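Commentary on secondary and tertiary structure
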Amino acid sequence: QVRLVESGGGLVQAGGSLTLTCEVAGSMFSIVAMGWYRQAPGNERELVAQVTSGGSTNYGDSVQGRFTISRNNAKNTVYLQMNSLKYEDTAVYYCNLKGYETPRSHDDYWGQGTQVTVSS
């Protein structure tokens, strides 16, 4: 079964930087897109950043200009570079994969989540 392994979360001061890593463990027939979502207590899960198989990127309005998503296809790894972090960025960050495990099986895959805490 495909698994998403996340790393890089932690505690950082406001204005600082942090990089999250998501590695795909297992074999995917085809990957449509990978990205990051986040969820803070009391809030709904929201899109942070996404990159498609063709290289197009999409960012949530609140992180535009501060976060950068990148992908290493050879290593099946996606990164989220977070700069100028704010207290409001505090949340659990989840790696997401949209793709086909088999030619006839399309699904969303989620990591276990990694905590990012920004101190004020």
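Residues numbered from 1 in each chain as written. Predicted model: local features only at pLDDT ≥ 70, side-chain atom pairs only at ≥ 80, totals over all residues. Heavy atoms only, no water.

Moving on to the side chain of aspartate 89. Take aspartate 89: it is sitting in the loop between β8 (77–82) and β9 (91–102). Side-chain polar atoms of aspartate 89 contact the backbone nitrogen of lysine 86, separated by 2.8 Å. Apart from residues lying up to four places away in sequence, aspartate 89 is in contact with Arg38, Val63, Arg66, Phe67, Ser84, Val116 and Val118. (Helix = DSSP H or I, 4+ residues; strand = E, 2+ residues; numbered from the N terminus. Polar contact = N/O pair within 3.5 Å; in protein donor to acceptor, adjacent residues only side chain to side chain. Contact = heavy atoms within 4.5 Å.)

The next subject is the state of the cysteines. As used in these notes, a disulfide is a covalent bond between sulfur atoms, one from each of two cysteines. Under the definition given, this model contains one disulfide. With its sulfur 2.1 Å from that of its partner, cysteine 22 forms a disulfide with cysteine 95. Note on the cysteine 22 and cysteine 95 pair: the S-S dihedral is about -90°, so by sign convention the disulfide is left-handed. You can see cysteine 22 sitting in strand β3 (residues 18–25) and its partner cysteine 95 sitting in strand β9, a full 73 residues away along the chain. The class of cysteine 22 is buried, set by a relative accessible area of 0%. With a relative accessible area of 0%, cysteine 95 lands in the buried category. (Disulfide = S-S within 2.5 Å. Buried < 20%, exposed > 50% of the residue type's maximum accessible area, 1.4 Å probe, protein only.)

One broad rule of soluble globular proteins: the nonpolar side chains tend to lie buried together. Counting 30 residues, the largest nonpolar core has Trp36, Leu80, Met82 and Tyr93 as the members making the most contacts within it. Mapped onto this core, the elements with two or more residues apiece are β3, β4 (30–39), β5 (46–52), β7 (67–72), β8, β9 and β11 (114–119). (Core = buried A, V, L, I, M, F, W, Y, C linked by side-chain atoms within 4.5 Å.)

Here we take up the pattern of salt bridges. In the structure shown here, the tally under the stated rule is four salt bridges. Notably, a salt bridge pairs glutamate 46 with arginine 38, separated by 2.8 Å at the nearest N-O pair. Residue glutamate 46 is classed as partly exposed on the basis of its relative accessible area of 36%. The partner of arginine 66 in a salt bridge is aspartate 89, with the nearest N and O atoms 2.8 Å apart. On the criterion of sequence distance, the pair formed by arginine 66 in the loop between β6 (57–59) and β7 and aspartate 89 in the loop between β8 and β9 is long-range, its members being 23 residues apart. (Salt bridge = Lys/Arg side-chain N within 4 Å of Asp/Glu carboxyl O.)

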